[in-house]
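Summary of structural features
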Amino acid sequence: MNNAFFLAFQYLRATKLRFVILVVCTAIALSLPINTFVAVNLLSDKLTERGEQTPILIGKKGNEFALTMNALYFRGTVKETVSMDVYQDMSDIYEGMVLPLYIAHSASQTPIVGSNIDYFETRNLQLNNGRYYIGLGEVVVGAQAAAEFNLDLGDSVRSDLQNLYNIAGSYPLSLKVVGVLEPSGTSDDAVMFTDLKTVWALDGLLHGHDNVTAETALNGESTDENLEATAAIFMFSELTDSNREEFHLHGSESEMPISSVALFPYNQLEKDKLLGRMALSEDLQAVQPIEVVDDILSIVLKLQQGLYVYYGMLLISTIFFYILVVHLSLQLRQGELILIRRIGGSKQTIRNLILAEIVLVTLASILMTIVFSWVFMLLINVGLSQLSG
Amino acid sequence: MSDVIVSVKNAHFSYPTRKGSSSFELEIPNFTIQSGQQWMLMGPSGSGKSTILNIVAGELVTSRGEVLVLNQRIDKLTESERQALRIANVGFVFQDFPLVPYLDSIQNVLFPYRINPQLKLTEGVYNRALLLLDNVGLSSKSTRFPSELSQGERQRVAIARALIASPRLILADEPTAGLDIKRSHEIMNLLQEMAVTQGVGLLVVSHEPQIVDRFDNVLCLGGEV
C-alpha cells in the first residue's frame, strides 16, 4: 500500500483545487453536527451553571423569562419593578443571602448592575485592581468590559441617555471607575457594578443641583423652608467629590425601585417555605432560574434534533457528491488506468490506488474538521461570554 | 542459437459478439520473434495491429491456434499468470497515453515498480532509472512533469520506462504517431538502439511507411511477411 499512498499523494498534489474543495466540503459536513453538539453543550453548561448558582428570584408577577434574563444575564429590562421594601422584608425574614438587583441602565451599551457589596462575595468575584465601590457614582468594571473599552482605575464612563426626547428626564451621569474585576467566565465579566443609589441617580430619583435660594426659587418670598426651584436651576451631570454631598433622594428609600431580589436560602426547607409563601402573593412571583433555563434548553434541544436530521441529509449529499467526483475523475483518468493495466497493474492495484486517495482525503477532512471545530470552539466561547454578558 | 521470445502459429481471434452485430474475426499470420530481433507490424487502420499486440501482451486470448511467449502457451495461463509474465518480461511504449501526468520523469520511469507488488523498488532500481534517463538524453529533465516536456521527450521517457524492469520484449504501439519525420526517426533510432543495447526483442506496430525500411522483419496485415 505504500506505493498506492505515494501515487495517491502525488495525484492529490497535482489536483490541489479539487482536493481542497473535497476536503473543505467534507469537513464542513462533518464539523456542523460536531460544532452544534459542542455549542449546545457549552450553552447548556453555561446557562445551567448560572441558573444553579441563583436559587430564587423575586420580582413582579409576569414574564419569568424576562426576569431571569435580566437578573442572571443582564439582558433587557423588567416591565415592572418592585420596591426596596420587598428586599427589606426578605432580608428580615430569611437568614440566607438576599441581594437587591436593579438592572435598567447602561454605559456604552454595557449594562450597569446596581446591587450591594455582598454581590461580589456571593458570586465569588475577585478584584484584579482597585477597590469596591463605596460612594455614589463609583463603578467596578468586569474584566471583559474593562478590556473592551480600555477602562482602568480613575477613568470615567458616561451613562447612556435613556430617552433622547424626554428633556424633562434624567441626564447621563459621569461615573468613576474604582475597581476592575478578575475574569470569571460568566456574564459578570461584561458589565459594570455600582450601588443602588447610583442607579437611582441615573433614574433621576436621586439627584444633585445648585442650592435653591430665595433668589432662584419660584416662591422666593416664602418664609418656610419649602422653596420651589425654577427649571433654570443647574443639575449636576457628574458626581464629583465636591458635589457628592449635594445629591439627595426625593422620597423614602423603601419606595425606590429595583428589578428583582435574588435569594440564596441556606437549605431546602427555607427554600420551600419561601416558595410556598410567594405562591400566595398577589403581585410578586418567586422564580427558580434553573427551571426557566431548563425550559429554554428544552427548546434548544428540539432545535438541535431538527438540525441533526438536516446535517444527516447534508452528510449524505456530501458522500454522494464525493462518489460523483471520484466517478468523474476515474472517467477522466481512463488513459492512466489503461496504462496501469497494460504495464501489469491489476484491478486490485487500481482499487488500492482509489482507496489510498479516499483515505488521504478522509484524513485531511478529519484534520480540517478538527481545525474547524477548534476555531469554532474559540468563537463559541467568545460568543457565549458575550451572550452571558 | 537465439531464444524464441514469441511464436504465433495458426492463431485466430474473434471478439465476443453482441446480439445483432457481426463479430470481428482476425486470422493472425504466423511469425516468430527471437531474442534481439526487431519486427514491425503494419497495416491500415482497423486491420488488427493493436489486437495482435494485445494478444502477444497477454491482454487478449486467441480463440484457437497457438501463441507462445517465452515458451509458455499464453491461452493456457490464468489472467494473473499472464499478468506476472507481462510484468517480468514485457516493456510497453504507447502513443496515446505515454506517461502519467502527475508524476515527474524519474517517477514515470519507476512507475512499473509503483504498481506491481512483485517488482521491488530499490536504490539500484532508482539508479538504473537515472541511467536510462541519461541514455535517452533526459538526465537534466528527470524532475520535469509530462506537461513540461515535448511530445518527443515524453516518448523518450516512455522508452526508458519500458526498459526499467529489464524486459525480454518491447511492444511499441504507434510510438511515432503525431511526430514529424525527423522526430519519428529520432525516436525509432533510440528505440532500436536501446533494444540492441539491452538485447531485447522489439515488436513495433505502426501504419507509417516511412519507418518500414528500418526493419528486417515486417509483418503486413492483409499482406505477407
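Here is what the cut-offs are and how they apply
All residue numbers here refer to positions counted from 1 along the written sequence of the relevant chain. Labels follow written order: the first chain is A, the first ligand is 1, and so on. In view of the model being predicted, local features appear only for residues whose pLDDT reaches at least 70, and side-chain atom pairs are presented and counted only at 80 or more, with totals across whole chains, interfaces and linings using the full set of residues. By convention in this description, side-chain values take in all heavy atoms of the structure and omit both hydrogens and water. Here, axes are lines fitted to C-alpha atoms. For helices the fit covers the stretch in contact, and angles between N-to-C directions go from 0 to 180 degrees. Runs of E in the DSSP output that reach at least two residues are strands. Runs of H or I that reach at least four are helices, and both are numbered from the N terminus. Working definition: roughly parallel below 35 degrees, roughly antiparallel above 145 degrees, roughly perpendicular at 65 to 115 degrees, and oblique for all remaining angles. Each crossing is labelled by how the near helix is turned from the far one, with a counterclockwise turn of less than a right angle marking it left-handed and a clockwise turn marking it right-handed. For this analysis, residues touch if any pair of their heavy atoms sits within 4.5 Å. Lys, Arg, Asp and Glu make up the charged group, whereas Ala, Val, Leu, Ile, Met, Phe, Trp, Tyr, Cys and Pro make up the nonpolar group; the residues left over, Gly among them, are polar. Two parts placed together each lose some accessible area; with a 1.4 Å probe, that loss summed over both constitutes the buried area. Put simply, a salt bridge is a Lys or Arg side-chain nitrogen that is within 4 Å of an Asp or Glu carboxyl oxygen. Here a polar contact is recorded for every N or O atom pair within 3.5 Å, except that within protein the pair must consist of a potential hydrogen donor and a potential acceptor, and residues adjacent in sequence are included only if both atoms are side-chain atoms. Partly exposed residues are those whose accessible area sits between 20% and 50% of the maximum for their type, while under 20% is buried and over 50% is exposed, using a 1.4 Å probe and protein chains only. For Phe, Tyr and Trp, where Trp contributes only its six-membered ring, two rings pair if their centres lie within 6.5 Å, and the inter-plane angle classes them as stacked under 30 degrees, edge-to-face over 60, or tilted in between. Cation placement over rings: the criterion is NZ of Lys or CZ of Arg within 6 Å of the ring centroid and within 35° of the ring normal. In the cavity and pocket records, a cavity denotes points on a 1 Å grid over the protein atoms alone where a 1.4 Å probe fits but cannot get out, a pocket denotes an open set with protein on both sides within 12 Å along at least 5 of 7 lines, and lining residues are residues with an atom within 4 Å of a point. Grid points are joined across faces, edges and corners, and a volume is the space filled by probe spheres set on the points.

1. Section: the packing of helix α5 (residues 123-135) of chain B against helix α6 (residues 151-163) of chain B
Residue and element names in this part refer to chain B. Close contact between α5 and α6 brings their axes to 9 Å; oriented N to C, the two are set at 140°. By the angle class used here, α5 and α6 are oblique. Taken as a pair, α5 and α6 cross one another with a handedness that is right-handed. Residues Arg128, Leu132 and Leu133 of α5 form the contact with α6, whose own contacting residues are Val157, Ala160 and Leu163. Of the residues that constitute the contact of α5 with α6, the class distribution is 5 nonpolar, no polar and 1 charged.

2. Looking at the interface of chain B and chain A
With 23 residues of chain B at the interface, the matching set in chain A holds 20 residues. Interface area, chain B with chain A, both sides summed: about 2000 Å², of which 61% is carbon and sulfur. For the pair chain B and chain A, the number of links is 1 salt bridge. Among the ionic pairs, Glu79(B) bridges to Arg341(A), the shortest N-O distance being 3.1 Å. Viewed at the interface, chain A and chain B are joined by 9 residue pairs in polar contact (both at pLDDT 80 or more). Put simply, the parts of the chain that give the side of chain B that touches chain A at least two residues each are α2 (79-89), β7 (90-94) and α4 (111-115) of chain B. If one sorts the elements of the side of chain B that touches chain A by residue count, α4(B) sits on top with 5 residues.

3. A word on the pattern of salt bridges
Residues and elements named next belong to chain A. Enumeration according to the criterion identifies 12 salt bridges over all chains in this entry. Its salt-bridge partner being Arg131, residue Glu138 comes within 2.8 Å of it at the nearest N-O pair. Glu138 gets classed as buried once you look at its relative accessible area, which sits at 6%. Bridged by salt links that share partners, the residues Arg333, Glu336 and Glu357 form one connected network.

4. What to know about unusual backbone geometry
The backbone of Asn124(A) shows a phi angle near 55°, a positive value even though the residue is not glycine. Here Asn124(A) shows up in the loop between α5 (118-122) and β5 (127-130). The exposure class assigned to Asn124(A) is exposed, which follows from its relative accessible area of 55%. The backbone phi angle of Leu70(B) is positive, close to 50°, even though this residue is not glycine. Looking at Leu70(B), the relative accessible area reads 17%, which means it is buried.

5. Here's the deal with the packing of aromatic side chains
Applying the stated rule across the entire model yields 10 aromatic pairs over all chains. Geometrically, the ring pair formed by Tyr11(A) and Tyr102(B) is edge-to-face, given 5.2 Å between the ring centres and 70° between the ring planes. Taken together, the positions of Tyr11(A) in helix α1 (residues 2-14) and Tyr102(B) in the loop between β7 and α3 (105-109) put the pair across two chains. Judged on exposure class, the residue Tyr11(A) and its partner Tyr102(B) are both buried. Here the aromatic cluster, defined as three or more aromatic residues joined through ring pairs, consists of Tyr119(A), Phe120(A), Tyr132(A), Tyr133(A) and Phe193(A). Over the ring of Tyr11(A) we find Arg333(A); its NZ or CZ atom is 3.5 Å from the centre of that ring. Arg114(B) extends its terminal NZ or CZ atom over the ring of Phe6(A), reaching a point 3.7 Å from the ring centre.

6. Let's talk about the layout of surface pockets
Considering only enclosed or pocket space, the largest pocket measures out at about 310 Å³ in volume. Around the largest pocket, the lining is made up of 18 residues, and of these Met1(A), Asn3(A), Ala4(A), Arg114(B) and Pro117(B) lie nearest the centre. For the lining of the largest pocket, the elements supplying multiple residues, two or more each, are α1 and α11 (347-388) of chain A together with α4 of chain B. Counted by class, the lining of the largest pocket contains 9 nonpolar, 7 polar and 2 charged residues.

7. Some points on the side chain of His12(B)
All names here are of chain B. With respect to the helices, strands and loops of the structure, His12 is situated in strand β1 (residues 4-14). Within the local environment of His12, its side chain forms a polar contact with the side chain of Glu25, the two groups lying 2.6 Å apart. Within the structure, the side chain of His12 is placed 2.6 Å from the side chain of Glu27, a separation counted as a polar contact.

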